[in-house]
Protein chains: 2
Amino acid sequence: MERKHEVSKAVIQRLPRYYRNICELKAEGVQRISSRALAERMGLTASQIRQDFNCFGGFGQQGYGYNVEKLKDELGTILGLDAGRTAILLGAGNLGRALLNNFDFSASGFRLLCAFDANPELTGKSFGGYEVRSSDTLDAFLAEHKPDAVVLTIPRGNAPEIACDLVEHGVRGLWNFTGEDLHLEGLGIPVENVHLSDSMMTLCHLIGAQH
Amino acid sequence: MERKHEVSKAVIQRLPRYYRNICELKAEGVQRISSRALAERMGLTASQIRQDFNCFGGFGQQGYGYNVEKLKDELGTILGLDAGRTAILLGAGNLGRALLNNFDFSASGFRLLCAFDANPELTGKSFGGYEVRSSDTLDAFLAEHKPDAVVLTIPRGNAPEIACDLVEHGVRGLWNFTGEDLHLEGLGIPVENVHLSDSMMTLCHLIGAQH
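Rules and cut-offs
- Residues numbered from 1 in each chain as written.
- Chains lettered and ligands numbered in written order.
- Predicted model: local features only at pLDDT ≥ 70, side-chain atom pairs only at ≥ 80, totals over all residues.
- Heavy atoms only, no water.
- Salt bridge = Lys/Arg side-chain N within 4 Å of Asp/Glu carboxyl O.
- Helix = DSSP H or I, 4+ residues; strand = E, 2+ residues; numbered from the N terminus.
- Buried < 20%, exposed > 50% of the residue type's maximum accessible area, 1.4 Å probe, protein only.
- Pairing = 2+ DSSP bridges.
- Right-handed = clockwise from strand over helix to strand, strands pointing away.
- Arc of directions from axis to C-beta.
- Contact = heavy atoms within 4.5 Å.
- Least-squares fit on C-alpha atoms with pLDDT ≥ 70 in both.
- Buried area = accessible area lost by both parts, 1.4 Å probe.
- Polar contact = N/O pair within 3.5 Å; in protein donor to acceptor, adjacent residues only side chain to side chain.

**Q** Just to check I follow, could you spell out the pattern of salt bridges for this structure?
**A** Any two side chains of opposite charge can pair, on the condition that their charged atoms come close. Evaluated as defined, the whole model comprises 18 salt bridges over all chains. Between K9 of chain A and E192 of chain A there is a salt bridge, with its nearest N and O atoms 3.6 Å apart. On the criterion of sequence distance, the pair formed by K9 of chain A in helix α1 (residues 9–27) and E192 of chain A in strand β9 (residues 191–193) is long-range, its members being 183 residues apart. Assessed through its relative accessible area of 40%, K9 of chain A is described here as partly exposed. K26 of chain A is the partner of E69 of chain A in a salt bridge, and the nearest nitrogen-oxygen pair spans 3.6 Å. One end of the pair, E69 of chain A, is in helix α4 (residues 68–79); the other, K26 of chain A, is in helix α1, with 43 residues separating them in the sequence. Here E69 of chain A falls in the partly exposed class, since its relative accessible area comes to 43%. A single salt-bridge network, built from bridges that share partners, covers R20 of chain A together with D181 and D198 of chain B.

The structure is reproduced here in structure tokens:
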């Protein structure tokens with residue numbers, strides 16, 4: 001498993017989908033799958049899959065299919081799910097709490113350490129087993145624990161300033177739910193901007209495009 | 001504004017991003033913007049933007065730029081935001097409640113009518129001003145009010161059966177948060193499958209790819 005060259009963002013964004021489908025196949029008891037069968041399941045073409053996997057050295061033998069268990073492990077390693085990354089969550093409002101209570105951070109490669117919120121009434125409370133700490137203690141926490149990523153569930157507004165501040169304190173990636181696109185690629189920091197409204201608007205359009 | 005031919009899914013998925021950026025420009029007081037300036041803001045190329053807009057007949061005059069207000073209205077109409085679509089939410093657990101409390105459905109083109117949950121303790125409660133009703137009354141509600149879309153925030157498991165049942169009752173689109181991919185295109189029903197873990201895993205990979 002060797003990365004041959006710079007891999008495109010489009011391929012990288014398909015990796016979690018591959019991983020998810022392979023996990024489902026494993027849970028279904030499937031031990032081996034052809035690129036054609038995997039393609040059919042995922043609505044892709046077999047050649048697309050082979051091409052994507054070749055970016056990482058390829059995982060199968062021609063005409064023999066992929067070993068599901070092995071593929072799951074290899075994709076997991078490429079994704080860095082076993083790299084022991086850590087994260088904190090900033091903003092324990094409704095959305096933050098929904099994530100704390102429901103989202104399986106460890107399945108996505110992160111050990112969530114705790115949450116922070118500016119509201120003193122939330123300090124010391126726990127959601128989903130994660131403690132909420134005072135924002136006043138954030139800088140000291142960052143210095144001591146050096147989390148890799150921050151989940152930003154604060155309201156939009158001063159998100160760009162907060163993001164830059166976090167990066168200055170050593171944070172290496174942001175999962176951004178503020179609704180405000182953050183672009184820190186110039187600083188070499190990856191950001192995943194989540195816009196739930198985009199998919200709802202897409203749905204709105206597609207409903208209208210029905211015949 | 002006339003749709004020239006079948007528009008690709010990739011273009012359609014960029015429409016909400018265009019709309020979002022144009023709304024921000026309007027809020028910033030910008031009245032006119034060139035495809036080049038819009039491209040820079042969005043990390044696209046000017047020719048990509050012109051090509052996308054041409055799918056809908058184009059909105060600007062060469063060398064003169066786009067009228068922000070007019071573009072906002074036209075994109076909104078294409079998205080169907082003013083078409084008066086309605087939706088209900090199924091599953092008022094943490095995620096469902098986070099959406100009820102926080103998500104601006106009307107800004108995404110839908111009037112949310114109410115929520116449904118199987119848990120009798122939630123019946124009659126309200127979140128974000130939306131009433132939770134008993135799942136037992138769902139079929140009668142669908143027959144009477146014919147909502148266009150359903151927001152699926154039930155746990156995964158029997159999501160495919162429930163989805164098919166909803167479609168049989170006339171639902172025309174699904175916003176699917178169950179974590180289980182639903183494919184109803186065969187029935188002509190659009191589904192937006194939301195997988196939050198995909199973007200967190202992408203972030204996990206990108207953090208590891210930093211130099």
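**Q** Please explain the pairing of strand β8 (residues 173–176) of chain B as it appears in this structure.
**A** Taken residue by residue, a regular strand's side chains alternate between the two faces of the sheet. Residues and elements named next belong to chain B. Of the two faces of β8, the one lined by G173 and W175 and the one lined by L174 and N176 are each fully buried. As paired strands, strand β7 (residues 149–152) and β8 are joined by four bridges and run parallel to one another. Pairing of L152 across the sheet is with N176, part of β8. As for the winding sense of the linkage, the β-α-β connection from β7 through helix α7 (residues 159–168) to β8 is right-handed. Pairing of β8 with strand β9 (residues 191–193), which is carried by three bridges, proceeds in the parallel orientation. Residue pairing across strands places W175 opposite E192, the latter belonging to β9.

**Q** Any chance you could explain helix α3 (residues 46–54) of chain A here in plain terms?
**A** Each full turn of the α-helix corresponds to 3.6 residues, which orients residues three or four apart in the same direction. Residue and element names in this part refer to chain A. For α3, the full list of buried residues reads A46, I49, D52 and F53. Mapping the buried residues of α3 onto a view down its axis gives an arc of 125°, with all of them on the same face. Of the surrounding elements, those touching the buried residues of α3 are α1, α2 (35–42), β2 (66–67) and α4.

**Q** Help me understand the relation of the copies chain B and chain A, please; the structure alone is not making it clear to me.
**A** Of the transformation placing chain B onto chain A, the axial shift is 0.0 Å and the rotation is 180°, giving an RMSD of 0.0 Å. The transformation relating the two chain copies, once decomposed into turn and shift, fits a two-fold axis. When C-alpha positions in chain B are compared against the rotation axis, the closest is assigned to A98 of chain B, at 3.1 Å. A symmetric contact is evident, with 97% of the interface residues of chain B recurring at the interface of chain A.

**Q** What am I meant to see in the interface of chain B and chain A here?
**A** Reports of interface size often rely on the accessible area that becomes lost once the parts have come together. With 60 residues of chain B at the interface, the matching set in chain A holds 59 residues. Summing the contributions of chain B and of chain A, the shared interface buries around 5000 Å²; its carbon and sulfur component is 65%. Among the residues chain B hides against chain A, the three largest losses belong to M200, M201 and H205 of chain B. Together they make up 15% of the total. Joining chain B to chain A, the criterion identifies four salt bridges. Across the pair R20 of chain A and D198 of chain B runs a salt bridge, and its minimum N-O distance is 2.6 Å. Our count for the chain B to chain A interface comes out at 18 residue pairs in polar contact (both at pLDDT 80 or more). Broken down by element, the residue count for the side of chain B that touches chain A peaks at 13 residues, all from helix α8 (residues 196–208) of chain B.

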